[in-house]
Amino acid sequence: MLSIFLTLSSVVHAAPVQVLIEVDDTGLRLVEAVHQEGPTPLRGGTHAPQLGTVHAVDSEGEILASAPVEDPRFRSIIYAEGGGASVQLERAWARVELEWPAGALRVQLNRAQLTPRRPASSLAESELIQVNSSGDPAERLNMVFLGDGYTVDELDIFASDVNRIADYMFSEIEPYGTYEAAFNIWRIDRASTESGGSHYEVEPHIQRETAYGCFYGCAGIDRLICCSDGDVVSEVTTLIPEADGIMVLVNDPTYGGSGGF
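Residues numbered from 1 in each chain as written. Predicted model: local features only at pLDDT ≥ 70, side-chain atom pairs only at ≥ 80, totals over all residues. Heavy atoms only, no water.

Describing the environment of alanine 48
Here alanine 48 is to be found in the loop between β5 (40–43) and β6 (50–57). Classification of alanine 48 by relative accessible area gives buried; the value is 18%. A sequence separation of 25 residues divides alanine 48 from arginine 73, and the C-alpha atoms of the two residues are 9.6 Å apart. Apart from residues lying up to four places away in sequence, alanine 48 is in contact with Glu70 and Asp71. (Helix = DSSP H or I, 4+ residues; strand = E, 2+ residues; numbered from the N terminus. Buried < 20%, exposed > 50% of the residue type's maximum accessible area, 1.4 Å probe, protein only. Contact = heavy atoms within 4.5 Å.)

Shown next as structure tokens:
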């Protein structure tokens, strides 16, 4: 379970750009930037360690806006029987919201630059479903659920799982219940070729072909689940760049999960 929780500010800027950055021990790599559609409040950070700064620059290279790049590599798990574990991954993807003032032309990170693209108009293999609507996505907190290890015939199970977890979150966990009216709930339906998650905590490894490549045994911790950050972040950024929280549900009976950036 990969979760990303950001805060919502009340200050509305021009439509920002979502910047995707790959992070590893060698540094930061600018991967992609995607324009959001329409004005939206800029979200705050997660208080993770800052690794650098990404900029919006004009045709002359003048910096018009900047945003910090926070370290996305930290993951942790809490065990059902108590206790837990945490780890820093070798590689992960950061998702940064960058203000886009008039005159901004390119995104710059260190010496690398790229021009933001427009959101994809076709959902291709994936479909975005709004499970619960409380208002304009630009004015609400948007929680997005993705499913890994759900085949085409199991997408109805995924839909049921999303409803069950959302109901539990709002009925049993505060302050979510108090602020339920501030949330939109979204679901991305993308089928996996095989059912279940991959298991690297056992020998021989069990490898399954799934939508987001989620697997147990991440960083050598049996119950820690990691997924392909790039696939998850790219999917969400393309389909709903207003997302504030991302939760990946893995269709597997083995206890496990992770929390982090």
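Some thoughts on the state of the cysteines
Applying the stated rule across the entire model yields 2 disulfides. Along the protein chain, the cysteines engaged in disulfide bonds are linked according to the scheme 1-4, 2-3 when indexed in sequence order. (Disulfide = S-S within 2.5 Å.)

Side note on helix α1 (residues 155–172)
When the terminal C-alpha atoms of α1 are compared, their 25 Å separation across 18 residues agrees well with the 26 Å that a helix rising 1.5 Å per residue should span. Every buried residue of α1 is listed here: Leu155, Phe158, Ala159, Asp161, Val162, Ala166, Met169 and Phe170. Relative to the axis of α1, the buried residues are bounded by an arc of 160° and lie together on one face. Along α1, exposed side chains directed more than 90 degrees from the buried face belong to Asp156, Arg164, Asp167, Ser171 and Glu172. Buried residues belonging to α1 abut β13 (127–132), β14 (141–148), β15 (183–189) and β19 (245–250). (Expected span 1.5 Å × (residues − 1). Arc of directions from axis to C-beta.)

Considering the pattern of salt bridges
If you walk through the whole model with that rule in mind, you get 12 salt bridges. A salt bridge links glutamate 22 to arginine 29; the shortest N-O distance between them is 2.5 Å. Taking the relative accessible area as the measure of exposure, glutamate 22 reaches 13% and is therefore buried. Classification of arginine 29 by relative accessible area gives partly exposed; the value is 45%. The structure contains a network of salt bridges with shared partners spanning Glu22, Asp24, Arg29 and Arg91. (Salt bridge = Lys/Arg side-chain N within 4 Å of Asp/Glu carboxyl O.)

Here's the deal with the environment of glutamate 62
By the secondary structure assignment, glutamate 62 is in the loop between β6 and β7 (63–70). Expressed as a C-alpha distance, the spacing of glutamate 62 and alanine 104, which sit 42 residues apart in the sequence, is 9.0 Å. Every residue in contact with glutamate 62, bar those within four places of it in the chain, is listed here: Ala56 and Val57.

Section: the sheet that holds strand β16 (residues 198–199)
Hydrogen bonds between backbone atoms are what pair the strands of a sheet, whose relative direction is either parallel or antiparallel. Read across the open sheet, the 3 strands follow the order β16-β17-β18; overall the sheet is mixed. Only two strands of the sheet have a single neighbouring strand rather than two, namely β16 and β18 (225–226). One ladder, built from 2 bridges, connects β16 with strand β17 (residues 215–216); its direction is parallel. Of the residues in β17, the one forming a bridge with serine 198 is phenylalanine 215. (Pairing = 2+ DSSP bridges.)

Some thoughts on the packing of aromatic side chains
Per the counting criterion, the structure on display carries 4 aromatic pairs. For the pair tyrosine 176 and phenylalanine 183, a centre-to-centre distance of 5.8 Å together with 55° between the ring planes defines the contact as tilted. On the accessibility criterion, tyrosine 176 (21% relative accessible area) is partly exposed. Classification of phenylalanine 183 by relative accessible area gives buried; the value is 9%. By the ring-pair criterion, three or more aromatic residues cluster together here, those being Phe170, Tyr176 and Phe183. (Phe/Tyr/Trp six-rings, centres within 6.5 Å; stacked < 30°, edge-to-face > 60°.)

Quick notes on the side chain of glutamate 22
By the element assignment, glutamate 22 lies in strand β3 (residues 17–24). Within polar-contact distance, the side chain of glutamate 22 engages the side chain of arginine 29 at 2.5 Å. Polar side-chain contacts of glutamate 22 include one of 2.9 Å to the side chain of arginine 91. What glutamate 22 contacts, discounting residues up to four positions off in sequence, is Gly27, Leu28, Arg29, Val31, Arg91, Ala92 and Trp93. (Polar contact = N/O pair within 3.5 Å; in protein donor to acceptor, adjacent residues only side chain to side chain.)

A few points about the pairing of β15
Here β15 lies mainly inside the structure; 7 of its 7 residues are buried. Alternating residues of β15 divide into Phe183, Ile185, Arg187 and Asp189 and Asn184, Trp186 and Ile188, and every residue in both groups is buried. As defined by bridge partners, β13 adjoins β15 across 5 bridges and the pair is classed as antiparallel. Its bridge partner lying in β15, leucine 128 is registered against isoleucine 188. Across 6 bridges, β14 lies against β15 in parallel orientation.

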